[in-house]
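In case you want the letters, here they are:
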Amino acid sequence: MKRREFIFALSGAMAGVPFSVRAQQARKPPTIGVLMTVAEKDLDSQRRIAAFRQGLADLGWKEGQNVHIEYRWAAGRIDLIQKYAQEIVELAPNVILANSTPVTAALQKATRSVPIVFALTNDPVNLGFVESLARPGGNITGFTYINPALIGKWLALLTELKPRVDRAALLFNPATAPFYQHFLPEVEATRQPTTASLIPMPVKTVAELAPAITDFAKSAGGGLLIGPDPFTIVHIKEIAQLAAQARLPAISVYRPFANQGGLMAYGPDTADIFRRSATYIDRILKGANPAELPVQEPDKFEFILNLKVAKALAIDLPPSLLATADEVIE
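What counts as what
- Residues numbered from 1 in each chain as written.
- Predicted model: local features only at pLDDT ≥ 70, side-chain atom pairs only at ≥ 80, totals over all residues.
- Heavy atoms only, no water.
- Core = buried A, V, L, I, M, F, W, Y, C linked by side-chain atoms within 4.5 Å.
- Buried < 20%, exposed > 50% of the residue type's maximum accessible area, 1.4 Å probe, protein only.
- Contact = heavy atoms within 4.5 Å.
- Salt bridge = Lys/Arg side-chain N within 4 Å of Asp/Glu carboxyl O.
- Helix = DSSP H or I, 4+ residues; strand = E, 2+ residues; numbered from the N terminus.
- Pairing = 2+ DSSP bridges.
- Axes fitted to C-alpha atoms, helices over the stretch in contact; angles between N-to-C directions.

Caption draft 1: Fine view of the nonpolar core. F52, I151, W154, Y180, L224 and L225 are the most contacted members of the largest nonpolar core, which has 83 residues in total. Leaving out residues up to four positions away in the same chain, L225 has contacts with I151, W154, L155, L158, A168, A169, L170, L171, L198 and I251. Core analysis: the second largest hydrophobic core is formed by 20 residues, I88, A98, F129 and V130 among them.

Caption draft 2: Quick peek at the pattern of salt bridges. Throughout the structure, instances matching the rule amount to 13 salt bridges. Its salt-bridge partner being D44, residue R47 comes within 3.3 Å of it at the nearest N-O pair. Linking R47 with D44, this pair stays in helix 3 (residues 43–58), spanning three residues, or about one helical turn. With relative accessibility at 8%, the residue D44 sits in the buried group.

Caption draft 3: Region of interest: the sheet that holds strand 4 (residues 116–121). Reading across the sheet, the five strands line up as 2-1-3-4-5 and stay open at both edges, with parallel pairing between neighbours. The strands lining the two open edges of the sheet, one partner per strand, are strand 2 (68–73) and strand 5 (140–144). Each strand of the sheet is rotated relative to its neighbour by a mean of 15°, with strand direction disregarded. Pairing geometry for strand 1 (residues 31–36) and strand 3 (residues 95–99), over four bridges, is parallel. Along strand 3, the bridge assignment pairs L35 with A98. Contacting strand 1, strand 2, strand 3 and strand 4, helix 3 crosses the sheet at an angle of about 165° to strand 2.

Caption draft 4: Main features of the pairing of strand 11 (residues 301–306). Where burial is concerned, most of strand 11 is hidden: five out of the six residues are buried. Alignment of strand 10 (residues 264–268) against strand 11, held across five bridges, turns out to be antiparallel. When the sheet's bridge partners are listed, M264 is paired in strand 11 with L305. Bridge count between strand 11 and strand 12 (residues 327–329): three bridges; the pairing is parallel.

Here you go:
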């Protein structure tokens, strides 16, 4: 076939293809960057990513077809979070999903132009990620995780136990969970006199975990709180075992904590937050400005009790707690 005849034939073939389809074929599929705090093998994070993918699929985004997703897993390490944040930004994605407070902080340093949707980030206003929850004002918006009121709820749940807990230590790494410096004074200022008192337990290394928990457990009436923190989630099984050995009733925001030997887990439904984050990703890919998308807080929560651990610690779980639990581990 001669060159002129080939061009005419090709033009005729393309004429039958709708313009919108031809335009879509000519454009490169958008890219979503995803930076996760923990390791890829973490089962809870796999559940979150599955919910995120399903949320995208429900909105018409099929991974590998009309959207490309670049994943990075930081295994709870600050150095990897910083490395992968820069790496993802250099890929020039259309939008980035940021899992956790340290990830959001690292991405904010790496870019002020690429839209960022955070999932499970704490205290975004005080940490300077957004100007306000209602109007973020920059390239960052998303979905928060915990607040001082939730820490107060943990204190109240521990106080309901028999024997009663009258002091509770909040375990966290100040390097990976800087938001607690804002939360703790607010919790103490609004804490009810009938609930357990709150004591900070900052730890910076794995080697500090056992001594800190063991020393705290030497006095009666103690309990342990484990909130969101890349450090604690990576070591959640070890923390659950240390709490059991020290005979400390403990509660965590993380669902796996109760499965690994902790007494209770109470916190937002994280899979639901990741599913909801897909709606903001969708809106941004369609042209929405993250500065005008309000930061949203959790609206679904899970409460899990480990009855086996309660019996081992000789703890009496009130019927009211058992009745409100979403899951009881026998």
